[in-house]
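# Summary of the model geometry
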Amino acid sequence: MQNILATIDFSYNEKLVMDMALDMAKAFGGKIWLLHVAPPEPEFIGFGVGPQYVRDTRAAELKKERRLMNEYAHQLQEEGVEAKGLVIEGATVNMILEKAEKLQIDLIITGLHEHNFVYKAFFGSVAKGVVKKTKIPVLLVPLE
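### Section: the overall build of the chain
Helix and strand content of the chain: five helices and five strands. Long-range pairs, those at least 24 residues apart, make up 77% of the contacts in the chain with a sequence separation of at least 6.

### Some remarks on helix α3 (residues 92-102)
Among the residues making up α3, those that are buried are V93, M95, I96, L97, K99 and A100. Close packing links the buried residues of α3 with β1 (3-7), β2 (31-38), β3 (83-89), β4 (107-112) and α5 (126-133). Of the residues flanking the end of α3, it is Q104, one or two places downstream, whose phi is positive at about 55 degrees.

### As for the pattern of salt bridges
In this structure the tally under the stated criterion is five salt bridges. The closest approach of N and O atoms between K15 and D19, which form a salt bridge, is 3.1 Å. On the criterion of helical spacing, the pair formed by K15 and D19 is a turn pair, its members being four residues apart in helix α1 (residues 14-28). In this structure, the salt-bridge partner of E89 is R58, at a minimum N-O distance of 2.5 Å. One end of the pair, E89, is in strand β3; the other, R58, is in helix α2 (residues 52-78), with 31 residues separating them in the sequence. Assessed through its relative accessible area of 25%, E89 is described here as partly exposed.

### Some points on the packing of aromatic side chains
On inspection of all chains with the given rule, the structure shows one aromatic pair. Note on F10 and Y72: the rings are 6.3 Å apart at their centroids and 35 degrees apart in plane angle, and the pair reads as tilted. Highlighted residues: F10 in the loop between β1 and α1 and Y72 in helix α2, separated in sequence by 62 residues.

### Description of the packing of α3 against α5
To describe two helices that pack against each other, one gives the angle between their axes and the distance between the axes. Where α3 contacts α5, the two axes come as close as 9 Å, and the packing angle between them is 45 degrees. The angle between α3 and α5 places the two elements in the oblique class. Handedness of the crossing formed by α3 with α5: right-handed. Across from T92, V93, N94, I96 and L97 in α3, the residues of α5 making contact are V126, G129, V130 and K133.

### A few points about the confidence of the model for the chain
Averaged over the chain, the pLDDT score is 86; the fraction of residues at 70 or greater is 85%. Overall, residues 117-123 carries pLDDT values under 50, and its contacts beyond four positions in sequence, including any with other chains, amount to three contacts.

### Thoughts on the sheet that holds β3
The parallel open sheet is built from five strands, whose spatial order is β3-β2-β1-β4-β5. The sheet terminates laterally at β3 and β5 (138-142), the two strands that pair on one side only. When strand polarity is set aside, the average angle formed by the axes of neighbouring strands in this sheet is 25 degrees. Relative to β4, β1 runs parallel, the two sharing three bridges. Counted as the bridge partner of A6 is I109 from β4. α2 rests against β2 and β3 of the sheet, and its axis sits at about 160 degrees to β3.

The rules we used
In every chain, residue numbers begin from 1 and rise along the written sequence. Side-chain atom pairs in this predicted model are given and counted only at pLDDT of 80 or more, local residue features only at pLDDT of at least 70, and totals for whole chains, interfaces and linings cover all residues. Hydrogens and water molecules were not included; the side-chain quantities draw on all heavy atoms of the structure. Elements are defined by DSSP. Helices are runs of H or I of four residues or more, strands are runs of E of two residues or more, and each kind is numbered from the N terminus. Here, two residues are considered to be in contact whenever any of their heavy atoms come within 4.5 Å of each other. The buried label applies to any residue whose accessible area, calculated with a 1.4 Å probe on protein chains only, is under 20% of its type's maximum; exposed applies above 50%, and partly exposed to all values in between. A side-chain nitrogen of Lys or Arg and a carboxyl oxygen of Asp or Glu constitute a salt bridge if their distance falls within 4 Å. Ring pairs are drawn from Phe, Tyr and Trp, using the six-membered ring of Trp, whenever the two centres fall within 6.5 Å, and their geometry is named by plane angle: stacked under 30 degrees, edge-to-face over 60, tilted for the rest. For every element, the axis is a line fit to its C-alpha atoms; helices are fit only across the contacting stretch, and the angle between N-to-C directions ranges from 0 to 180 degrees. In this scheme, roughly parallel covers angles under 35 degrees and roughly antiparallel covers those over 145, while 65 to 115 is roughly perpendicular and the rest are oblique. Two helices cross in a left-handed way if the nearer one is turned anticlockwise from the farther one by less than a right angle. They cross in a right-handed way if the turn is clockwise. Confidence scores here are pLDDT values: one per residue, from the predictor, ranging 0 to 100. Here, strands pair whenever DSSP counts at least two bridges between them.

See below:
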């Protein structure tokens, strides 16, 4: 397992996912790719971007997320594991799978959140979507 993709959603449980990725990378001598998929830009999904303050707020959020991902990657590097943080925009499941293919990922590690029926009916589950659509092994880390 040379390439491990660990998904981060900034739900304040990312340390659990990162710790699992760290354990796997140390055990197999692998590299960790930390990935956060940000929601797509409003124009991408058919809405105008709105006033400048909306674009400025969006840019500030993305900048903060990129900074956090770099900090997380640095923390893993201090543990002796090669790591890189990525922030991309798009549909979460599709972007995870696309990036996993491009990076030739051997293992995907993602958190598993428990949601109520209404949430699942409208939004589904990222973990379930990834498991259903990939042939790459997926390790689910229970969160909460």
